[in-house]
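# Reading the structure
Each chain, written out:
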Amino acid sequence: MITVSLQGYGFFVCMKAIETKETSTSNDSPARIREVLARALDLEILSLTEVSALIALRDQAMWEEVFNASAMVKEKVYGKRVVLFAPLYLSNECMNNCLYCGFRRGNQEAKRKTLSIEEAVAEASILSSRGYKRLLLVTGELAGAVNYLEGVIDAIYKRTDIRILHVNSAPMGLNEFKRLKASGAGVYQCFQETYHIPTYRVMHPSGPKADYYWRLNVMDRAIDAGFEDVGMGVLLGLHDWRWDAFALIAHAHRLVEKYGFGPHTISVPRLQPAQGAELKEAPYAVSDSDFKKTVAIYRLALPYVGVVVSTREPAYLRDELLLIGASQISAGSRTSPAGYMEGGDTEQFEIGDRRNLEEVVGKIASMGLLPSFCTACYREGRSGDTFRHLAEDGGIKNLCQINAILSLKEYVEDYAPEELKLLLERRIKEEALKTGNGLFEKLQQIEKGKRDIHV
Ligand code: SAM
Ligand code: SF4
């Protein structure tokens, strides 16, 4: 039995045992599941009852149908493009003590470092020289973080070719969010970790993060401050994945009801071993098979939302996920401050996919997909409900396709190693032929040196 209640600006999700027995066998019959999939294929946001039918599904053969539908929804919304980015870890200092994290305050072994603005620019320049245009700035919880972030963001925009910076930092107050937005940050991202209050309390024993509701309402504050693009997630492994995935989707629904749009992205971080973490194993370990189901459920439940898979996951699984619903991936990541310059000490967690950017780009292209370095939507004001409606009407797909081709062409001209160029040029040509829209002229302009052409 699932109960969701919304109380004013507070938000409570109470899900009593989403166990096989209790989530009725009648609502996950093949006929019912196919009805739900048909609605998702019409790019409708699924109701919570429909989501619960997917979550309760146990029939493996039906799951194959779900994965196929999820792949089709992804293709309908985004076409073949896969957006690439890298995290830039600014600081591993932190006021909190999350039991699962290597950066937690109580970790005496950690070598602490907060990058100076010069060092942050140096890290961003290294990434820029490899071809990245989009970075995610990540920090532990620091006092006065917004002052620091403003300085870093301003310097990276002014002094490197990075075109968009997203931020994953601890929750802030309304005024701080206004300043962060004004500094030019794209997406503000923050994971609830778990919606299950008793588990949340155990996992976050001290520091500002111990306040469940301060974190729960962070998306409202960020949106009220002007962030139309927010990124959400739960840390898979802390509590039953079915429970938390459902709660996250319920939370997203609440944002849609209140603002007319939900999250821009949902990430699927899965708990990894971390040096110095107090938690030695996941209380609710999530298998690869359940991880795939989570990605598909997010994709179907909220068709227009970007699903982000990080390098926490191994290469083989990430490749598979690209075919069933993931639309954005990080590549070549380091998860410690100065990690790109020096290798860095104290990684936040163990990385599962150690391929570099070139290898990931090559793999995506060889799978018949399109690696994309596009950053156009954030800079063209296509955010919030504008983005949602464009995506639901199939309009984002065309823009994404064109921008993916153009940004990949820039990558070929400026950064790709010789051995990759042939494959990428072939993919560009194949996709450009299908796309039309005077694309070949634009590709020629890029060959002649014009940059940042986008629609
Ligand atoms: N300090 C901020 C916070 O906690 O919101 C933002 C940065 S934190 C480094 C980013 C995310 O990393 C966390 O929200 C958490 O979900 C994830 N994380 C922490 N420890 C992890 C681990 N051991 N394995 C996988 N992900 C982890
Ligand atoms: Fe700090 Fe974030 Fe790690 Fe928690 S997850 S210890 S808040 S860096």
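Only a predicted model underlies this, so the values are computations on that prediction, with no experimental measurement involved.

Here we come to the overall build of the protein chain. Each helix and strand counted, the protein chain has 19 helices and 11 strands in total. Here the protein chain has a C-alpha radius of gyration of 21 Å; the compact-globule value for 455 residues is 23 Å, and the two agree. On the principal axes, the C-alpha backbone points of the protein chain span a range of 60 × 55 × 35 Å. Looking at the protein chain as a whole, 62% of its 455 residues are labelled buried. Taking all contacts inside the protein chain whose residues are at least 6 apart in sequence as the whole, residues at least 24 apart take part in 74%.

Near ligand 1 there are 19 residues, and of these Glu193, Lys209, Arg215, Arg312 and Gln348 occur at the shortest range. Interatomic distance of 2.9 Å between a side-chain N/O atom of Arg312 and a nitrogen atom of ligand 1. Taking 560 Å² as the accessible area of ligand 1 by itself, protein coverage stands at 96%. Considered class by class, the residues forming the shell around ligand 1 number nine nonpolar, five polar and five charged.

This part takes up unusual backbone geometry. Look at Leu43: it is not a glycine, yet its phi comes out positive at around 60°. Relative to the assigned elements, Leu43 resides in the loop between helix H1 (30–41) and helix H2 (48–56). For Leu43, a relative accessible area of 8% gives the class buried. Despite not being glycine, Ala338 has its phi angle at roughly 70°, a positive value. Considering the arrangement of structural elements, one finds Ala338 in the loop between strand S10 (328–330) and helix H13 (339–342).

For the rest of this paragraph, the subject is the pairing of strand S3 (residues 81–91). Most of S3 is tucked away, with 11 of its 11 residues classed as buried. Direction of pairing for S3 relative to strand S11 (residues 370–372): parallel, over a ladder of three bridges. Pairing of Val82 across the sheet is with Pro371, part of S11. Strand direction decides the pairing type here: S3 and strand S4 (residues 134–139), joined by five bridges, are parallel. Across the sheet, Leu88 pairs through a bridge with Leu137, a residue of S4. Note on the crossover from S3 through helix H4 (residues 117–130) to S4: the handedness is right-handed.

Right, let's talk about the side chain of Gln401 for a bit. Looking at where Gln401 falls in the secondary structure, it is placed in helix H17 (residues 395–414). The buried category is assigned to Gln401, whose relative accessible area is 10%. In this structure the side chain of Gln401 is engaged in a polar contact, spanning 2.7 Å, whose partner is the side chain of Glu431. When residues no more than four places from it in sequence are discounted, the contact partners of Gln401 are Lys80, Leu370, Glu431 and Thr435.

What follows is about the pattern of salt bridges. Taken as a whole, this structure holds 32 salt bridges when the rule is applied. The residue Arg104 makes a salt bridge to Glu278 at a minimum N-O spacing of 3.2 Å. Taken as a pair, Arg104 in the loop between S3 and H4 and Glu278 in the loop between strand S8 (265–267) and helix H11 (288–301) lie far apart in primary sequence, 174 residues in all. Residue classification places Arg104 among the buried positions, given a relative accessible area of 10%. We classify Glu278 as partly exposed; its relative accessible area is 47%. The salt bridge partner of Arg163 is Glu410, with a shortest N-O separation of 2.9 Å. You can see Arg163 sitting in the loop between helix H5 (145–159) and strand S5 (164–168) and its partner Glu410 sitting in helix H17, a full 247 residues away along the chain.

Counted by the stated rule, this structure contains 10 aromatic pairs. Geometrically, the ring pair formed by Phe177 and Tyr188 is edge-to-face, given 4.7 Å between the ring centres and 70° between the ring planes. In this pair, Phe177 is assigned in helix H6 (residues 174–182) and Tyr188 in strand S6 (residues 185–189), connecting sequence segments 11 residues apart. Given a relative accessible area of 0%, Phe177 falls into the buried group. Judged by relative accessible area, Tyr188 falls into the buried class, the value being 0%. Judged by centre distance (5.0 Å) and plane angle (75°), the ring pair of Tyr212 and Tyr213 falls under edge-to-face. By way of ring pairs, the aromatic residues Phe177, Tyr188 and Phe227 are connected into one cluster.

Right, let's get into the site of ligand 2. All residues adjacent to ligand 2 are Cys94, Asn96, Cys98, Tyr100, Cys101, Phe103, Arg104, Gly140 and Lys209. Counted by class, the shell around ligand 2 contains five nonpolar, two polar and two charged residues.

Every regular strand shows the same layout, with side chains that alternate between the two sheet faces. With six of six residues buried, S4 lies mostly within the body of the structure. Judged by which residues are buried, S4 turns out to be covered on both faces: Arg134, Leu136 and Val138 on one side and Leu135, Leu137 and Thr139 on the other are all buried. A crossover links S4 with its parallel partner S5, the connecting element being H5, and its sense is right-handed.

What follows is about the environment of Asp244. With respect to the secondary-structure elements, Asp244 resides in helix H10 (residues 241–259). As a C-alpha pair, Asp244 and Gly449 span 205 residues in sequence and 48 Å in three-dimensional space.

Another aspect to go through is the side chain of Thr199. Within the fold, Thr199 resides in helix H7 (residues 197–203). Exposure remark for Thr199: the relative accessible area of 12% places this residue in the buried category. Not counting residues up to four positions away in its chain, the partners in contact with Thr199 are Thr194, Leu238 and His239.

Definitions and limits used
Residues numbered from 1 in each chain as written. Chains lettered and ligands numbered in written order. Predicted model: local features only at pLDDT ≥ 70, side-chain atom pairs only at ≥ 80, totals over all residues. Heavy atoms only, no water. Helix = DSSP H or I, 4+ residues; strand = E, 2+ residues; numbered from the N terminus. Rg over C-alpha atoms; globule rule 2.2 N^0.38 Å. Buried < 20%, exposed > 50% of the residue type's maximum accessible area, 1.4 Å probe, protein only. Contact = heavy atoms within 4.5 Å. Near = heavy atom within 4 Å. Polar contact = N/O pair within 3.5 Å; in protein donor to acceptor, adjacent residues only side chain to side chain. Areas by Shrake-Rupley, 256 points an atom, 1.4 Å probe, with all protein chains shown as cover. Nonpolar A, V, L, I, M, F, W, Y, C, P; charged D, E, K, R; others polar. Pairing = 2+ DSSP bridges. Right-handed = clockwise from strand over helix to strand, strands pointing away. Salt bridge = Lys/Arg side-chain N within 4 Å of Asp/Glu carboxyl O. Phe/Tyr/Trp six-rings, centres within 6.5 Å; stacked < 30°, edge-to-face > 60°.

Taken by themselves, the reported measurements are silent on function.
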